[in-house]
Amino acid sequence: MDLPLPTELISFRNEVRAFLEANLTSELRGAAANATSVFIDPDVSLPWQRVLNQRGWAAPDWPAEFGGPGWNEMQRYVFAAECARAGAPNLAPMGLKMVAPVIMHYGTPEQRAYYLPRILSGEDYWCQGFSEPGAGSDLAALQLRAVRDGDDYILNGSKIWTTHAHFANRMFALVRTSTEGKPQAGISFLLLDMGGAGITVEPIHTLAGDHELNQVFFDDVRVPQANRLGAENDGWSVAKHLLTFERGGKYAPGLIDRLERLRMRNAVDPVLRARVDREAVTLTALQALELKAMRGEGGSTTIYASALKILGTEAAQRIDILACEIDGYIAWVDADGQTPADLAVTVPRYLNARAASIYAGSNEIQRDLVARELLG
Ligand SMILES: Cc1cc2nc3c(=O)[nH]c(=O)nc-3n(C[C@H](O)[C@H](O)[C@H](O)COP(=O)(O)OP(=O)(O)OC[C@H]3O[C@@H](n4cnc5c(N)ncnc54)[C@H](O)[C@@H]3O)c2cc1C
């Protein structure tokens, strides 16, 4: 399904399409098609990131001064839609989309010069250390303690649900530097080296049977104060800025592509076919809303970030259920022996995506944020 585009964007779309056609290998496409999570392992995502980086397209959202392509919003949307259509692997968001914008905004010139090129090239692979066993939705309750000692902080405590911590060489973390006043007022934002002495990463295996989550333990870990982003005890402002990037988004292009692939499975059951059509309508509406958000029409960035997160993740979960039902139906009525291979991806993907309405701030919390902003 092509986006209706003004003529000036058609040549841009064709340029992107030709590049993807020439550079996206069948191995990369195959690995992306068989991925059971939106978080694709770095042995797949990093080679693709390097190819994009050589063309200057690894970070579509970055301003040109930091190494982005300098595209406007609509070009970025077209690029995302074409990548989804071509079946390109997702790039890990923790570096490119989450910590990079806050380094641009809050970083010193030295921090920007050091970290940003390493994020772009994939030399550094980041994980996000926000949640703790006692702090998820209530993030301000976090306890991982950072105590000053000379030019360093000494960290003790633990982070949990840390996606890809077992691959990452860097973590951006919220730590407690003060217990005075409101909990939000005693938090700082650190950029730390995962190879530091005293850090232990323990796997958490998910319902889908994969290993993408971890618990990370800190035992007298030294982190230079120079690795703090923003002022001491002002980490909450940095985190709030970051979370709008984590939530916002372009869900529709990937989902439209998935739905089209489901349609092509040609399940003959009329009820299933009608449900595919109905999802196509909701995705068209979602896409219209994403385009509106992109143009800054009709609502604040915070409302859009939360609303699109709710609508995008819930549509994704409905499509996962539909995919299981369609593959199950085909497995049941077809005797060609092919369908179990599809189910081997569809079912773990469905299980994995149960988490999409929890991570990046649960959807209940997002509804609360929208209500507060709209109703006061
Ligand atoms: C797959 C996955 C990957 C993740 N990756 C990361 C990561 O890389 N880094 C990281 O820091 N964290 C990560 N997280 C953690 C994630 O941010 C938290 O799970 C999330 O914020 C919810 O916190 P919690 O799990 O402590 O649940 P809780 O906060 O205990 O919530 C439990 C339930 O209660 C509801 N609830 C809680 N408070 C309210 C309220 N005030 N009003 C209404 N309902 C409420 C929630 O919506 C939820 O349904 C990940 C989580 C998952 C599942």
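Residues numbered from 1 in each chain as written. Predicted model: local features only at pLDDT ≥ 70, side-chain atom pairs only at ≥ 80, totals over all residues.

Caption draft 1: Summary view of the site of the ligand. The full set close to the ligand counts 19 residues, and Phe 130, Gly 136, Ser 137, Ser 362 and Glu 364 are the nearest of them. Elements with a contribution of two residues or more to the shell around the ligand: β1 (126-129) and α12 (363-375). Residue composition of the shell around the ligand, grouped by class: eight nonpolar, nine polar and two charged. Counting contributing residues per domain, the shell around the ligand is built from domain 2 (125-234) and domain 3 (248-375), each supplying no fewer than three. (Near = placed C-beta within 6 Å. Helix = DSSP H or I, 4+ residues; strand = E, 2+ residues; numbered from the N terminus. Nonpolar A, V, L, I, M, F, W, Y, C, P; charged D, E, K, R; others polar. Domains from an automatic or database assignment.)

Caption draft 2: The arrangement of helix α6 (residues 109-121) in detail. With 13 residues, α6 extends 19 Å between its outermost C-alpha atoms, agreeing within 8% with the 18 Å of an ideal straight helix rising 1.5 Å per residue. Buried residues in α6 make contact with α3 (42-54), α5 (93-106) and β5 (187-193). Just past α6, the residue Gly 122 takes up positive phi, approximately 90 degrees. (Expected span 1.5 Å × (residues − 1). Contact = placed C-beta atoms within 7 Å.)

Caption draft 3: Expanded view of the domain arrangement of the protein. Along its sequence, the protein is carved into domain 1 (7-91), domain 2 (125-234) and domain 3 (248-375). On a C-alpha basis, the centroid separation for the pair domain 1 and domain 3 is 21 Å. Taken residue by residue, the interface counts nine residues in domain 1 and eleven residues in domain 3. When its residues are assigned to classes, the side of domain 1 that touches domain 3 shows four nonpolar, three polar and two charged.

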